[in-house]
Amino acid sequence: MTLSGFLSPAFVSIAGECLLHFLWQGAALAALLPAANFVLRPSSARTRYALHVITLFLMALAPVLTAWWLWQWSAPEGEAIRLGSRLPLFSLASLPAAQASTGWTPWLVTAWMCGVALLSVWNATAYTVAWAGTRRCRTGLPQPWPRIVERLRMQLHIRRRVQVFCAPSRKAPCVFGNWRPVILVPAAALVRLTRLELEAILAHELAHIARHDWLVNLLQVFIETVLFYHPAVWWVSRGIRREREFCCDDMAAAVTENRRDLARALVTLEESRWSPAVTASGSPLRIRIQRLLDMPTQHPAQSRLAAVALLVLLAGVTVWHPVFAAGQNTEPPPPPPPPAAPPSENTPPPPPAPPPRRTGAQPAVAPAPPQPAKTPLPPGFPSVPPVPPAPPAAPAKVVPGGMVGGVPGGVVGGVPGGIVGGVPGRAAAAVAGSVPGVLAAGETADKSEAEKLVEEEVARRIRWTNQRFSKPGVPGYTTDRGRIYLLWGPPDELEVHPGSKEMWRYRLLPVFGKDATFEFDGEGKLTKAPSRGPAPI
Amino acid sequence: MKSPTPAELEILKVLWTLGDATVRQVHDELERQRPSRYTTTLKLMQIMAAKGLVLREEDERAHVYRAARGREETQRRMVGDLLDKVFEGSAAQLMMGALAHQRASRQELSELRRMIDDFEAAERGRKERKPR
């Protein structure tokens, strides 16, 4: 199957939901930026930088919160499942496996993971190339520069030691590293800049070090990798980089008390790396120079346009997501939904109340079974909240001495062969007993509604057993486990010793009474059936 | 040290096989693969010696050339150069540079120069006009 086939369906489902939700969350957060700019009218680059960084941080937080939220509302109190082998953390039984493995959520998650993997490899290589570049040049600067750098370092209150090297092959000065920062100065700079100009440039680089910009940048790259598919993330990230340069320009100008030389140095450096291949593309340098020379800059129009665009995007996604999510559901939202009703609206889903149909209309049911919340379902079992078996009126017949390979104390009523669409007789009846919403035949107000539910449940169980228990030439629902699953749904407790045996325990079954345990061998053949218990309740 | 050009790489490959060789020997080897002129090979090898890609011993009348670096090392350098080129932009983004990756055009640069000069002139004018 897809790459995510080996991951538990719960993870795939949650991840897909989070990714989709981030579409509107990201747009909303990004739209807040120009709004904040409009309201607060931040005057300094530092404030704008802070706003951008906060926005990006919230964007990174959004999917995490969404995932946590979904997990909370889906897991029935996350009780541990007793297994012979350990399970990964995310195995939430209650997320419907059927939904997660059909539909295109797995493809979405797979595509996303592939994107993240590729970008990570790319970034890791870029990092290595950059790092190798810094290792190559180790010639220090001639005096008096080390002293000047020290002085600037003190003025900017940088406690870490900073090394400055001359890099003949570089085209522009840069900084690498956060804890042992290194400044690389191109040879062109040493040659073409005056003393004041080079000092201004060094002050600019030291300002980057003082503000830990390199580290923030690394986090930016990380967030860009994970949320690569949303343009708002790139937009905000670009804004951060832009404002960062402005901040450092301001800081350098403040420390050296010299805006003019910094502006001149920037232009000289840009000239030194000019090549005939460059076309007029509106470089960001102009705005920086204008700011340094205290000239009015034209920013705001850009952000207004961006705000409008993002609001449109946000509106579009808000409208479209419920439509999209609704299409994914394979069951109607009203009961019986699995407790993890995927939030099909953009508002957080109401807490999944215990199945509403479970209103004591079953007097015959003696020990009210524990809420679905307490049931540890095995991973991957569709979450049909276990309901007490139907009252005696339910025609759950069992064929004595039944089939299943001559197991003594035979079990398992006949499953009509090979009918998926039509409502099979006994299986349906048995299922009818265990599907919530169908109280007893005749008790539901809308009979066709009940029948529809039963049909759907049966179809789903058959689908699921075919998926899970099929062997070449043997459809899933005809195997031992499949038949039992078809009749009575997922067991309340599952004990799996991979390869050797498997035990299914039902707390209460119509014929077998309390604590009915079925044992299967490593192949899935029934080895032990529960003995007939006391009279059905 | 720059990477060898494709023609220089051919010569280096021959030198790696032959070890020490004169221009004549190298040329003979090259001729087997593809027609080439002795003078071209000689010129190339002289340039390579100047670049430092090959070492030259001038004891005898026919100079003996040897590859300055082994095959693996050269290959490593070539890969490194390629990586540098491919990842230039991304690596630049990981380093905090004074200049953005996007470059300015010639017009913009001259415009910016003019802006600064005008600003300076205005400032000087203001200073001179200030009453002492």
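Nothing here was measured: the structure is a model prediction, and the numbers come from that model.

Thresholds, definitions, all that
Residues numbered from 1 in each chain as written. Chains lettered and ligands numbered in written order. Predicted model: local features only at pLDDT ≥ 70, side-chain atom pairs only at ≥ 80, totals over all residues. Heavy atoms only, no water. Patch = residues over 30% accessible without salt bridge, like charges linked within 9 Å, V, L, I, M, F, W, Y side chains within 5 Å. Areas by Shrake-Rupley, 256 points an atom, 1.4 Å probe, with all protein chains shown as cover. Salt bridge = Lys/Arg side-chain N within 4 Å of Asp/Glu carboxyl O. Helix = DSSP H or I, 4+ residues; strand = E, 2+ residues; numbered from the N terminus. Buried < 20%, exposed > 50% of the residue type's maximum accessible area, 1.4 Å probe, protein only. Pairing = 2+ DSSP bridges. Contact = heavy atoms within 4.5 Å. Buried area = accessible area lost by both parts, 1.4 Å probe. Polar contact = N/O pair within 3.5 Å; in protein donor to acceptor, adjacent residues only side chain to side chain. Expected span 1.5 Å × (residues − 1). Axes fitted to C-alpha atoms, helices over the stretch in contact; angles between N-to-C directions. Parallel < 35°, antiparallel > 145°, perpendicular 65-115°, else oblique. Left-handed = near helix turned anticlockwise from the far one by under 90°. Nonpolar A, V, L, I, M, F, W, Y, C, P; charged D, E, K, R; others polar.

Novice: Explain a nonpolar patch on the surface here, please?
Specialist: Residue and element names in this part refer to chain A. Residues Ile54, Phe57, Leu58, Leu61, Val64 and Leu65 make up a contiguous nonpolar surface patch of about 540 Å² in total accessible area. As for its placement among the helices and strands, valine 64 is situated in helix α2 (residues 45-74). The class for valine 64 is exposed, based on a relative accessible area of 52%.

Novice: How should I be thinking about the pairing of strand β2 (residues 163-167) of chain A in this particular structure?
Specialist: Taken residue by residue, a regular strand's side chains alternate between the two faces of the sheet. Residue and element names in this part refer to chain A. In terms of residue burial, β2 counts as a mostly covered element, since 4 of its 5 residues are buried. Pairing geometry for strand β1 (residues 139-140) and β2, over 2 bridges, is antiparallel. The residue bridging threonine 139 from the neighbouring strand is cysteine 166, located in β2. Here β2 pairs with strand β4 (residues 182-186) via 5 bridges, running parallel. In the sheet register, phenylalanine 165 faces β4, and the bridge partner there is leucine 184.

Novice: In this structure, what is going on with the interface of chain B and chain A? I would like to understand it.
Specialist: One widely used convention gives an interface's size as the accessible area the parts lose upon coming together. Counting residues at the interface gives 33 residues for chain B, matched by 55 residues for chain A. Overall, the association of chain B and chain A removes approximately 4,100 Å² of surface from exposure, summing both partners, and the carbon and sulfur fraction of that is 62%. When the buried surface of chain B facing chain A is broken down by residue, Leu94(B), Met96(B) and Arg103(B) rank first, second and third, together holding 21% of it. For the pair chain B and chain A, the interface holds 8 salt bridges. A salt bridge links Glu120(B) to Arg260(A), with the shortest nitrogen-to-oxygen separation between them at 2.4 Å. Along the contact surface separating chain B from chain A lie 16 residue pairs in polar contact (both at pLDDT 80 or more).

Novice: Help me understand the environment of Asp521(A) in this model?
Specialist: Residue and element names in this part refer to chain A. In this structure, aspartate 521 sits in strand β7 (residues 513-521). Residue aspartate 521 is classed as partly exposed on the basis of its relative accessible area, which comes to 23%. The spacing of aspartate 521 and glutamate 502 is 19 residues in sequence and 6.2 Å in space, taken between C-alpha atoms. Aside from chain neighbours lying at most four places away, what touches aspartate 521 is Ser500, Lys501 and Thr527.

Novice: Whenever I open this one, the sheet that holds strand β1 (residues 21-22) of chain B confuses me. Can you help?
Specialist: As a general point, the strands of a sheet are linked pairwise by backbone hydrogen bonds and lie either parallel or antiparallel. Residue and element names in this part refer to chain B. The strand order β1-β3-β2 describes an open sheet built from 3 strands, whose pairing is antiparallel. The open sheet has two free edges, formed respectively by β1 and β2 (54-57), since each of these has just one partner strand. Here β1 pairs with strand β3 (residues 64-67) via 2 bridges, running antiparallel. In the strand pairing of β3, alanine 21 is matched with tyrosine 65.

Novice: What am I meant to see in helix α3 (residues 38-51) of chain B here?
Specialist: All names here are of chain B. Between its terminal C-alpha atoms α3 stretches 20 Å, which fits the 20 Å expected from 14 residues at 1.5 Å a residue. The secondary structure elements touched by the buried residues of α3 are α1 (6-18), α2 (23-33), β2 and β3. Trailing α3 by a residue or two, glycine 52 shows a phi angle of about 95 degrees, which is positive.

Novice: Any chance you could explain the packing of helix α1 (residues 9-40) of chain A against helix α9 (residues 231-256) of chain A here in plain terms?
Specialist: Two numbers describe a pair of packed helices, the interaxial angle and the distance between the axes. All names here are of chain A. Where α1 contacts α9, the two axes come as close as 8 Å, and the packing angle between them is 30 degrees. By the angle between their directions, the pair α1 and α9 is classed as roughly parallel. Relative to α9, α1 is oriented so that their crossing is left-handed. Taken together, the residues of α9 that come into contact with α1 (itself represented by Phe22, Gly26, Ala30, Leu33 and Pro34) are Ala232, Val233, Trp235 and Val236. The residue makeup of the contact of α1 with α9, split by class, is 8 nonpolar, 1 polar and no charged.

Novice: Would you mind showing me how to read the side chain of Asn217(A) here?
Specialist: Here Asn217(A) shows up in helix α8 (residues 213-226). By relative accessible area, which is 0% here, Asn217(A) ends up buried.

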